[in-house]
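Coordinate inspection notes
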Amino acid sequence: MSFDVVVAADSDWGIGKHNALPWPRLKGDLQHFKRVTTDAPLGKRNAIVMGRRTWESKEVAGKPLPNRLNVVVTRRGVQGVDGMVSASSLDAALEAAKGSAGIFVVGGADLFRASFMHPELRWVYLTRVEGDFACDTQIPNLDQMFEREPWAGEGTFEDNGVAYRIEKMQRR
Ligand SMILES: NC(=O)c1ccc[n+]([C@@H]2O[C@H](COP(=O)([O-])OP(=O)(O)OC[C@H]3O[C@@H](n4cnc5c(N)ncnc54)[C@H](OP(=O)(O)O)[C@@H]3O)[C@@H](O)[C@H]2O)c1
C-alpha cells in the first residue's frame, strides 16, 4: 500500500533541534498537518508512522495524536498505550497500518530517509520554512529527488514572524 510523507524543513533542510521543532509555533502549518493526516472518508481513519524519538519529542510527548492510528517504529521497543502500536521497521509499520484510509510517515530524519528511498512512497507534503534554525537533525536536499506537483493546498504563509511555503512533491 502506498504512503505519503509530511515534513517541514528550514532553508538548510533542518527539521529538529533538542528533540523538538526548532521554529516558533506555526499555526497554519500545524493545521495543514492535522488536516492532511486526519481527513479520511466517513467511517475510516488514517495512520501516522513515526520514529521512537519523534514519539518522545516535545510535540508528541508519548501521547497518540487523536483520530489516527499511531504507529511507532523502534528496534528496542517502547511501552504501549491505547491508540498506538509499535513496529520494528518501516515495512512492518506499513503492514501494521494496512487497512487504514491513508498512511503518512511524519518523522523524524531516520524514518524520512528510509521513506524517500521506498518504492511505495507517493507524495511528499513539504513545508519550506524560511531561515536557518541551527538544527541538529536534517534531511537530504529534497529538490534533488522530488519536483513540485501542483496542488490546491499549496501556498505561502507567515506565523510568528516566520514565513513558510507548503508544497506537494513527487519523485522526479
Ligand atoms: N520538522 C518535521 O517535520 C519533523 C517531524 C518529526 C520529527 N521532527 C524532529 O526530528 C527529531 C527526531 O528525529 P530523529 O531522526 O532524531 O529520530 P526518529 O526518526 O523520530 O526516531 C529514531 C528512532 O526511531 C527508530 N527507527 C528509526 N528508523 C527505524 C527503522 N528503519 N527501523 C527500526 N527502527 C527505526 C529507532 O528507535 P529505537 O532507538 O527505539 O530502536 C531510532 O532510534 C526531533 O527534533 C523532532 O522534533 C521534525
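Shown above is the structure to which this text applies.
Notes on the structure follow.

Re helix α1 (residues 27-38)
The periodicity of an α-helix, 3.6 residues per turn, causes residues three or four places apart in sequence to face the same way. Its twelve residues place the ends of α1 16 Å apart at the C-alpha level, agreeing with the 16 Å of an ideal helix rising 1.5 Å per residue. By the burial criterion, the buried members of α1 are D29, H32, F33 and T37. The buried residues of α1 occupy one face: seen down the axis, they fall within an arc of 110°. Facing away from the buried side of α1 by over 90 degrees, the exposed positions are K27, Q31 and R35. Against the buried residues of α1 lie β1 (3-9), β3 (46-51), β4 (68-73), β6 (103-105), β7 (121-129) and β11 (162-171).

Focus: the environment of E167
Along the chain, E167 falls in strand β11. A count of 20 C-beta atoms within 10 Å places E167 in the buried class. Through-space distance from the C-alpha of E167 to that of G16 is 19 Å; in sequence the pair is 151 residues apart. Not counting residues up to four positions away in its chain, the partners in contact with E167 are L126, R128, R148 and E154.

A word on the site of the ligand
Lining the immediate surroundings of the ligand are 28 residues, of which G16, G51, R53, G107 and G108 lie closest. At the level of elements, β1, β2 (14-16), β3, α2 (52-55) and α4 (109-116) are the ones that each hand at least two residues to the shell around the ligand. With four residues, the top contributor of residues to the shell around the ligand is α4. A breakdown of the residues in the shell around the ligand according to their chemical character gives twelve nonpolar, eleven polar and five charged.

Remarks on the nonpolar core
By size, the foremost hydrophobic cluster in this structure holds 41 residues, and its most contacted members are V7, V49, V71, A93, A97 and V105. Put simply, the parts of the chain that give this core at least two residues each are β1, β3, β4, α3 (90-96), β6, α4, β7 and β11. Per-element accounting of this core gives the leading share, six residues, to β1. Residues in contact with V49, not counting those within four places in the same chain, are V71, V73, A93, A97, I103, V105, V106 and L111.

Side note on unusual backbone geometry
The omega angle of the peptide bond from G107 to G108 is 0°, so this bond is cis rather than trans. Notably, N19 is not glycine yet its phi reads approximately 50°, a positive angle. With respect to the secondary-structure elements, N19 resides in the loop between β2 and α1. With a phi angle near 50°, A134 is a residue other than glycine that sits in the positive phi range. As for its placement among the helices and strands, A134 is situated in the loop between β7 and β8 (137-138).

Cut-off values and rules
- Residues numbered from 1 in each chain as written.
- Predicted model: local features only at pLDDT ≥ 70, side-chain atom pairs only at ≥ 80, totals over all residues.
- Helix = DSSP H or I, 4+ residues; strand = E, 2+ residues; numbered from the N terminus.
- Expected span 1.5 Å × (residues − 1).
- Buried ≥ 20, exposed ≤ 12 C-beta atoms within 10 Å, placed from the backbone.
- Arc of directions from axis to C-beta.
- Contact = placed C-beta atoms within 7 Å.
- Near = placed C-beta within 6 Å.
- Nonpolar A, V, L, I, M, F, W, Y, C, P; charged D, E, K, R; others polar.
- Core = buried A, V, L, I, M, F, W, Y, C linked by C-beta atoms within 7 Å.

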